[in-house]
Amino acid sequence: MADLKEFAEQLVNLTVKEVNELATILKDEYGIEPAAAAVAMAGPAAGGADGAAAEEQTEFTVVLKEAGASKLAVVKAVKELTGLGLKDAKDMVDSAPTNVKEGVSKDEAEGLKKSLEEAGAVVELK
């Protein structure tokens, strides 16, 4: 029974590339079609991919794509959110697209994006 548990753990921890290789081996050597293997592997592969995606993106960059129609409101928002002086905030808005903040958490990035979009800016998270 312990061997089966170890085998199940190995299956759960397979990468997408390893799952594809396993499907090829099952088809070529054992005559099992990849569609059947894909159904069997769909659960573990999806779980592993979600975990990897969550680990990869921990820091975000808030990018001001354009100021939009109400440039003054965007300059004020950038000034408040970044702590820059009025001239520096205006220069940042004028030089769009530009990074407003880098290396921030997802919650902070979404909050910044929301504030800037409410002011009329076009914002992207990277």
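Residues numbered from 1 in each chain as written. Predicted model: local features only at pLDDT ≥ 70, side-chain atom pairs only at ≥ 80, totals over all residues. Heavy atoms only, no water.

The protein chain appears in an unreviewed UniProt entry as Large ribosomal subunit protein bL12 from Flavobacterium litorale. Quoted verbatim from the Function (unreviewed entry) field of the UniProt record, the comment on the protein chain reads "Forms part of the ribosomal stalk which helps the ribosome interact with GTP-bound translation factors. Is thus essential for accurate translation." On record in UniProt, under Sequence similarities (unreviewed entry), the comment for the protein chain is "Belongs to the bacterial ribosomal protein bL12 family." (UniProt positions renumbered as here; feature names shortened; annotations may be inferred.)

Asker: When you look at the side chain of Thr 61 in this model, what are you seeing that I'm missing?
Answerer: The residue Thr 61 is located in strand β1 (residues 60–66) in this model. Excluding residues within four positions of it along the chain, Thr 61 makes contact with Asn 99, Lys 101, Glu 102, Gly 103, Glu 124, Leu 125 and Lys 126. (Helix = DSSP H or I, 4+ residues; strand = E, 2+ residues; numbered from the N terminus. Contact = heavy atoms within 4.5 Å.)

Asker: Would you take a moment to explain the nonpolar core for this structure?
Answerer: As a rule of thumb, soluble globular proteins bury nonpolar side chains together. Residues Val 62, Val 74, Val 78, Val 93 and Leu 116 are the most contacted members of the largest nonpolar core, which totals 19 residues. Elements with a contribution of two residues or more to this core: β1, α4 (71–82), α5 (86–94), β2 (98–104) and α6 (106–119). With sequence-adjacent residues up to four places away left out, Val 78 is seen in contact with Gly 83, Ala 89, Met 92, Val 93 and Leu 116. (Core = buried A, V, L, I, M, F, W, Y, C linked by side-chain atoms within 4.5 Å. Buried < 20%, exposed > 50% of the residue type's maximum accessible area, 1.4 Å probe, protein only.)

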